[in-house]
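Here is how the chains run, residue by residue.
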Amino acid sequence: MSARPPYFRARRLRAALAASCAALLLTAGCSFGEPEPDPAGEPPNLPTPSASASPGGAGQQAVATVLAKGLRVPWAIAFLPDGGALVTERDTGRILQVGPESGPDGLRVRVVQTITDVAAAGEGGLLGIAVSPGYDRDRTVFVYYTAEQDNRVVRLQLGGQPTPIVTGIPKANVHNGGGLGFGPDGQLYVSTGDAGQRPNSQDVKSLGGKILRITPNGKPAAGNPYPGSPVWSLGHRNVQGFAWDAAKRMYAVEFGQNTWDEINQITKGGNYGWPQVEGRAGDKRYTDPITQWATSDASCSGLAATDRLLVTGCLRGKRLWVMELTDTGALLGQPSELLTNRYGRLRAVAAAPDGSLWVSTSNHDGRGDPAADDDRLLRVVFAGGDGGRS
């Protein structure tokens, strides 16, 4: 099977396609490339970059197409209403727009803003990005970055001056968190790390080692578990990626220390145990992960959800882990690994408007072995051995 370049289609087609794929993917396999053109217009006439297939469990394959190359530590991906994406570069402080226009080598990439007070060092820099749910009206984007004194969340219109809305998040060379995303409730969620200071994670007064839930103005959202506090959950070591499934349940991927990396279902006021617990503990005071891996097989950063599937991109593990969920949000069967060692370190994973996944490599982050065209943005679709379309 060969992959074609992406285009963006009607929402009702995406929903039907995601639902059928979720039922078939981990058993018989499923292909979700492009459907027929949307009645509103033809797909753009993009070039066909090289594609490669990687075998997975139960006859499953992933087909990856390179959309863009020559990036530098692309950290997060957020889609715009026109189908293009905003991508942050951790070390340069640049916000890139990728697509929807195309060129001879893939999607067009251009710099739309540089955040000048980013203080990139170690794992810190320009990290998460989220597009306002009302972007067509307010043109607002939110970013999370490491400044001289702290990690912070700012609000901006592209090309305009950033306005800080959350400051004072602990920073360090490691464990800076950095995830941003709007939940189904319209509130902005922020994932932070413990900044190497373990007590932060269990201290409700600290913003470190938490998932925060705030309004678009940066205030604690109504209904948070601690009155007047932005804290939604605690006991995290370093959360970067999170996502919601079709049932509006929240999940997050967690970096462990030396033993276990985790996928957790996130609930209001949940305590996930760090630093007392790493991985499953069976202790009623803490919430156990729905799955865990040895750190050598994982160290995952980005997380995306599509209907009943969770997909996470792993740095040290150099692979995608694909998980299917039950009706109750538990793990169904065992995770399946894909693209192992094919593209090096994988970081961001985002569900695109066309039903595919966009994945970024992270081989220029100081811990990888970059190829000549790294770092890259990949478009990933799943395909079964029968090559049929669901």
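Treat the numbers as computed from the prediction; the structure is a model and nothing was measured. (Residues numbered from 1 in each chain as written. Predicted model: local features only at pLDDT ≥ 70, side-chain atom pairs only at ≥ 80, totals over all residues. Heavy atoms only, no water.)

Caption draft 1: Broad picture of the environment of Thr 259. Along the chain, Thr 259 falls in the loop between strand S16 (250-254) and strand S17 (260-266). According to the relative accessible area criterion, Thr 259 is partly exposed, its value standing at 40%. Distance in space between the C-alpha atoms of Thr 259 and Gly 279 is 7.8 Å, their sequence separation being 20 residues. Setting aside its immediate chain neighbours within four residues, Thr 259 contacts Glu 278, Trp 293, Ala 294 and Thr 295. (Helix = DSSP H or I, 4+ residues; strand = E, 2+ residues; numbered from the N terminus. Buried < 20%, exposed > 50% of the residue type's maximum accessible area, 1.4 Å probe, protein only. Contact = heavy atoms within 4.5 Å.)

Caption draft 2: Highlighting the state of the cysteines. Taken as a whole, this structure holds one disulfide when the rule is applied. Across the disulfide, Cys 300 is cross-linked to Cys 314 (sulfur-sulfur distance 2.0 Å). The chirality of the disulfide connecting Cys 300 with Cys 314 is right-handed, given an S-S dihedral of about 65 degrees. Of this pair, Cys 300 sits in strand S19 (residues 300-306) while Cys 314 sits in strand S20 (residues 309-314), and the two are 14 residues apart along the sequence. (Disulfide = S-S within 2.5 Å.)

Caption draft 3: View of the packing of aromatic side chains. Overall, the coordinates contain six aromatic pairs when judged by the stated rule. Ring centres of Tyr 189 and Trp 232 lie 6.1 Å apart, and the angle between their planes is 90 degrees; on these two criteria the pair is classed as edge-to-face. Placement of Tyr 189 in strand S12 (residues 188-191) and of Trp 232 in strand S14 (residues 231-233) is noted, with a sequence separation of 43 residues between them. Judged by its relative accessible area of 3%, Tyr 189 is buried. The exposure class of Trp 232 is buried, given its relative accessible area of 12%. Where Trp 293 meets Trp 321, the ring centres are 5.4 Å apart and the plane angle is 20 degrees; that geometry is what we call stacked. Of the two residues, Trp 293 is situated in strand S18 (residues 291-294) and Trp 321 in strand S21 (residues 320-325); the sequence distance between them amounts to 28 residues. The class of Trp 321 is buried, set by a relative accessible area of 8%. Three or more aromatic residues joined by ring pairs make a cluster, and in this case those are Tyr 189, Trp 232, Phe 242 and Trp 244. (Phe/Tyr/Trp six-rings, centres within 6.5 Å; stacked < 30°, edge-to-face > 60°.)

Caption draft 4: Molecular detail of the layout of surface pockets. In this structure, the second largest pocket encloses a volume near 370 Å³. Contributing to the lining of the second largest pocket are 21 residues, with Glu 123, Phe 255, Ser 299, Leu 315 and Arg 367 lying nearest its centre. Of the residues contributing to the lining of the second largest pocket, the split by class is three nonpolar, nine polar and nine charged. (1 Å grid on protein atoms, 1.4 Å probe; cavity = no way out; pocket = protein on both sides within 12 Å on 5 of 7 lines; lining within 4 Å. Points joined across faces, edges and corners; volume = space filled by probe spheres on them. Nonpolar A, V, L, I, M, F, W, Y, C, P; charged D, E, K, R; others polar.)

Caption draft 5: Quick peek at the pattern of salt bridges. One pass over the full model with this rule turns up 16 salt bridges. With a closest N to O distance of 3.0 Å, Arg 213 and Asp 185 form a salt bridge. Here Arg 213 is found in strand S13 (residues 211-214), whereas its partner Asp 185 is found in the loop between strand S11 (179-182) and S12, with 28 residues between them in sequence. When the shortest N-O distance is used, the salt bridge between Asp 283 and Arg 285 registers 2.7 Å. Where salt bridges share partners, they join Asp 297, Arg 319 and Glu 337 into one cluster. (Salt bridge = Lys/Arg side-chain N within 4 Å of Asp/Glu carboxyl O.)

Caption draft 6: Region of the structure containing the confidence of the model for the protein. Of all residues in the protein, 83% have pLDDT values of 70 or greater, and the mean over the chain is 86. Taken together, the stretch residues 1-51 has pLDDT below 50 and engages in 116 contacts with residues farther than four places along the chain or on a different chain. (pLDDT = per-residue confidence, 0-100.)

Caption draft 7: Geometry of empty space enclosed by the protein. Within the structure shown, the criterion is met by one cavity of 30 Å³ or more. Taken as a whole, the largest cavity spans an internal volume of roughly 50 Å³. Looking at the largest cavity, the residues that line it are Gly 235, Arg 237, Glu 254, Phe 255, Gly 256, Glu 262, Tyr 272, Trp 274, Val 277, Glu 278 and Gly 279. Tallied by class, residues from the lining of the largest cavity come to four nonpolar, three polar and four charged.

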